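# Notes for the structure review
Below, each chain spelled out in residue letters.
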Amino acid sequence: MRTAIYPGSFDPVTYGHIDIIKRSAKMVDKLIIGVLSNSSKTPLFSVEERVNILEKATKDMLKEVTKDIPNVEVTSFAGLLIDFADACNAKIIVRGLRAVTDFEYELQWAQANRAVRPHLDTLFLVTNVEYSYLSSSAVRELARYHGDVSLFVPPYVEQKLDEKLDSKENEHEQN
């Protein structure tokens, strides 16, 4: 069985991520979306929220897609990606590339991972041009200032962003 991992913070999941999920799921028997718990970042959404959002977005918003791609699984992980890949019996890491700067960064990691785990390959997918400018951080920033993010995320994710940011504003006002 050909198992791949598509790791990321997905904070929040965007249409660019979903595009990579759909395309890479067609190439493997099983695609595990690994939601990273990264202690060096302060995410807007907790790991649990991100996993739930990914699952909900994948199942609800992409109902047509998920019925055709039953090989997608969403889970969280912490620690080294190569250890997570071993635990999942994955031999492929999927990474999306938007620009040359993404490639330089991802290439270094792919080479390091391969040096430590020679059985582990990295599959780079170039993002569709319509998502080449899209990043989770840009979506978070736009949402923070009540900008329209509907072009970048599924409605369910947009709703969760609004709820999260409204609750943060309420917390801030109470302090």
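Going by the structure above, here's the rest.
Below or above, wherever it landed, is the structure these notes cover.

### Remarks on the pairing of strand β5 (residues 121-126)
In this structure, strand β4 (residues 92-97) lies alongside β5, joined through six bridges in parallel fashion. The residue bridging G96 from the neighbouring strand is L125, located in β5. For the crossover that starts at β4, traverses helix α5 (residues 100-116) and ends in the parallel β5, the hand is right-handed.

### Some words on the pattern of salt bridges
Inspection of every chain in the model, using the stated rule, returns 10 salt bridges. Here E106 ties to R95 by a salt bridge, and the two come within 2.8 Å at their closest N and O atoms. Linking E106 in helix α5 with R95 in strand β4, this pair joins segments that are 11 residues apart in sequence. Across this residue pair, the class does not change: E106 and R95 are buried. Through salt bridges with shared partners, one network takes in D83, D86 and R117.

### Brief notes about the nonpolar core
The biggest cluster of nonpolar side chains holds 34 residues, and the ones touching the most others in it are L31, L54, V94 and L161. Mapped onto this core, the elements with two or more residues apiece are β1 (3-8), α1 (15-25), β2 (30-36), α2 (47-61), β3 (72-77), β4, α6 (136-144) and α7 (155-174). For L31, the contacting residues outside a window of four places in its chain are A4, I5, Y6, I21, S24, A25, N71, V72, E73 and V94.

Conventions used here
- Residues numbered from 1 in each chain as written.
- Predicted model: local features only at pLDDT ≥ 70, side-chain atom pairs only at ≥ 80, totals over all residues.
- Heavy atoms only, no water.
- Pairing = 2+ DSSP bridges.
- Helix = DSSP H or I, 4+ residues; strand = E, 2+ residues; numbered from the N terminus.
- Right-handed = clockwise from strand over helix to strand, strands pointing away.
- Salt bridge = Lys/Arg side-chain N within 4 Å of Asp/Glu carboxyl O.
- Buried < 20%, exposed > 50% of the residue type's maximum accessible area, 1.4 Å probe, protein only.
- Core = buried A, V, L, I, M, F, W, Y, C linked by side-chain atoms within 4.5 Å.
- Contact = heavy atoms within 4.5 Å.

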